[in-house]
Amino acid sequence: MSACRLVIFDCDGVLVDSEVITNRVFAEMLGELGMHFTLPEMFERFVGRSMTQCCELIAELLQRPVPAGFVEQFHSRATAALGAELKAVAGVEAALDALDAHGVPYCVASNGTREKMRLTLGHTGLLARFEGKRFSVDEVARGKPAPDLFLLAARTLDVVPARCCVIEDTPTGVTAGVAAGMRVYGYCALMPAQRMSAAGAHRTFTSMSELPALILDDS
């Protein structure tokens, strides 16, 4: 019997295959500001951070405030790209089915907004599976890497942190899960496994087909 009583999924890059799409758009917009980053560099610098944190970093790099309307333009361009290209992460629906079959509850906790989650999960057909079980950066004082989001999810769903498992795809998210006192599994489809392990991931994996056995067999 698994020791896990609640699986907390990150959203972008874990449930929905959005990170490459949104970071391509973000890189294009940064290029328009004179800052040129490859996709791997985007993942290194920006993935896992909230938009507020990203804007603080951009302002620091530019040595001036982020241009007015930048965030709104990014959301508009990213929404259009996601609408055309977004899919669920390969194998995640089967992983959720396996958790359902074994009676292991799950939820989602994201540094994105509730509206972004509604759009991405809705577009990929996953929204109904997380009804009443969605937690966003809008609801806490501090986003990841602080533990607030994960602790909110555990408290709301009445599970002690030590019996929660977190599924993350960035060192930022792993750091948050570890700080919350939870067991963290690092999904490494795009992020080097050694970075996830260095952040404190209990285990790493590269395919969602591996996840149910990792959770259900761990004790």
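Provided above is the structure to which this section pertains.
Below is a short write-up of the structure.

1. Regarding the nonpolar core
General note: in soluble globular proteins, nonpolar side chains tend to be found buried as a group.
(1) Moving on: One finds Phe9 and Ile167 to be the most contacted residues of the largest nonpolar core, which totals 49 residues.
(2) Moving on: It is helix α1 (residues 19–32) that provides the largest number of residues to this core, a total of 6 residues.
(3) Moving on: Listed in part, the 26 residues of the second largest apolar core include Ala109, Ala153, Ala154 and Val174.

2. Section: the packing of aromatic side chains
(1) Moving on: Taken as a whole and assessed by the stated rule, the structure comprises 8 aromatic pairs.
(2) Moving on: On the basis of an interplanar angle of 85° and a centroid distance of 6.2 Å, the ring pair of Phe9 and Tyr106 is categorised as edge-to-face. With Phe9 in strand β1 (residues 6–9) and Tyr106 in strand β2 (residues 106–110), the pair connects residues that are 97 residues apart, well separated along the chain.
(3) Moving on: Judged by relative accessible area, which is 3%, Tyr106 ranks as buried.
(4) Moving on: Here the aromatic rings of Tyr187 and Phe205 are separated by 5.3 Å at their centres, their planes lie at 35°, and the arrangement is tilted. A residue pair is termed long-range when its members are at least 10 positions apart, and Tyr187 in strand β5 (residues 183–187) and Phe205 in strand β6 (residues 203–205) qualify at 18 residues. Side by side, Tyr187 and Phe205 carry an identical accessibility label, which is buried.
(5) Moving on: Taken together, the ring pairs in this structure connect Phe26, Phe37, Phe46, Phe70 and Phe74 into an aromatic cluster.
(6) Moving on: In this arrangement the basic side chain of Lys133 is found over the ring face of Tyr106, its NZ or CZ atom lying 4.5 Å from the centre.

3. A word on the side chain of Ser136
(1) Moving on: Mapped onto the secondary structure, Ser136 falls in strand β3 (residues 134–136).
(2) Moving on: What Ser136 contacts, discounting residues up to four positions off in sequence, is Ser110, Gly112, Thr113, Arg114, Met117 and Leu149.

4. Focus: the state of the cysteines
(1) Moving on: Evaluated as defined, the whole model comprises 0 disulfides.
(2) Moving on: Of all cysteine sulfurs in the structure, the one in Cys54 sits closest to Cys55, which takes part in no disulfide; the separation is 7.0 Å.

5. A short note on the packing of α1 against helix α4 (residues 70–85)
(1) Moving on: With their axes 9 Å apart at the nearest point, α1 and α4 run at an angle of 140° to one another. With respect to their mutual orientation, α1 and α4 come out oblique. The element α1 and its partner α4 pack so that their crossing is right-handed. Between α1, through Ile21, Thr22, Arg24, Val25, Phe26, Glu28, Met29, Leu30 and Glu32, and α4, the contact on the second element is made entirely by Phe70, Gln73, Phe74, Arg77, Ala78, Ala81, Leu82 and Glu85.
(2) Moving on: Of the residues assigned to the contact of α1 with α4, the class counts are 10 nonpolar, 2 polar and 5 charged.

6. Some points on the pattern of salt bridges
(1) Moving on: Going through the model one piece at a time under the given rule, you end up with 14 salt bridges.
(2) Moving on: In this structure, Glu44 engages Arg195 in a salt bridge whose closest nitrogen and oxygen atoms are separated by 3.1 Å. Separated by 151 residues along the polypeptide, Glu44 in helix α2 (residues 39–45) and Arg195 in helix α9 (residues 193–199) bring together distant segments of the chain.
(3) Moving on: As a salt-bridge pair, Arg134 and Glu131 come within 3.8 Å of each other at their nearest N and O atoms.
(4) Moving on: We classify Arg134 as buried; its relative accessible area is 14%.

7. A word on α1
(1) Moving on: The first and last C-alpha atoms of α1 sit 20 Å apart over 14 residues, in line with the 20 Å expected at 1.5 Å per residue.
(2) Moving on: Listing the buried residues of α1 in full gives Glu19, Ile21, Thr22, Asn23, Val25, Phe26, Ala27, Met29 and Leu30.
(3) Moving on: Where α1 is buried, its residues meet α2, α3 (51–62) and α4.
(4) Moving on: Just beyond α1, the residue with positive phi is Gly34, at close to 95°.

8. Considering the environment of Gln194
(1) Moving on: Looking at the secondary structure, you find Gln194 in helix α9.
(2) Moving on: On the basis of relative accessible area, Gln194 is assigned to the exposed category, the value being 59%.
(3) Moving on: Along the primary structure Gln194 and Thr52 are separated by 142 residues, whereas in three dimensions their C-alpha atoms are 27 Å apart.

9. Digging into a nonpolar patch on the surface
(1) Moving on: On the surface, Val20, Leu39 and Leu190 cluster together into a nonpolar patch covering about 210 Å² of accessible area.
(2) Moving on: In this structure, Leu190 sits in the loop between β5 and α9.
(3) Moving on: Looking at Leu190, the relative accessible area reads 47%, which means it is partly exposed.

About the thresholds
- Residues numbered from 1 in each chain as written.
- Predicted model: local features only at pLDDT ≥ 70, side-chain atom pairs only at ≥ 80, totals over all residues.
- Heavy atoms only, no water.
- Core = buried A, V, L, I, M, F, W, Y, C linked by side-chain atoms within 4.5 Å.
- Buried < 20%, exposed > 50% of the residue type's maximum accessible area, 1.4 Å probe, protein only.
- Helix = DSSP H or I, 4+ residues; strand = E, 2+ residues; numbered from the N terminus.
- Phe/Tyr/Trp six-rings, centres within 6.5 Å; stacked < 30°, edge-to-face > 60°.
- Lys NZ or Arg CZ within 6 Å of the ring centre and 35° of its normal.
- Contact = heavy atoms within 4.5 Å.
- Disulfide = S-S within 2.5 Å.
- Axes fitted to C-alpha atoms, helices over the stretch in contact; angles between N-to-C directions.
- Parallel < 35°, antiparallel > 145°, perpendicular 65-115°, else oblique.
- Left-handed = near helix turned anticlockwise from the far one by under 90°.
- Nonpolar A, V, L, I, M, F, W, Y, C, P; charged D, E, K, R; others polar.
- Salt bridge = Lys/Arg side-chain N within 4 Å of Asp/Glu carboxyl O.
- Expected span 1.5 Å × (residues − 1).
- Patch = residues over 30% accessible without salt bridge, like charges linked within 9 Å, V, L, I, M, F, W, Y side chains within 5 Å.
- Areas by Shrake-Rupley, 256 points an atom, 1.4 Å probe, with all protein chains shown as cover.

Nothing here speaks to function; it is all geometry.
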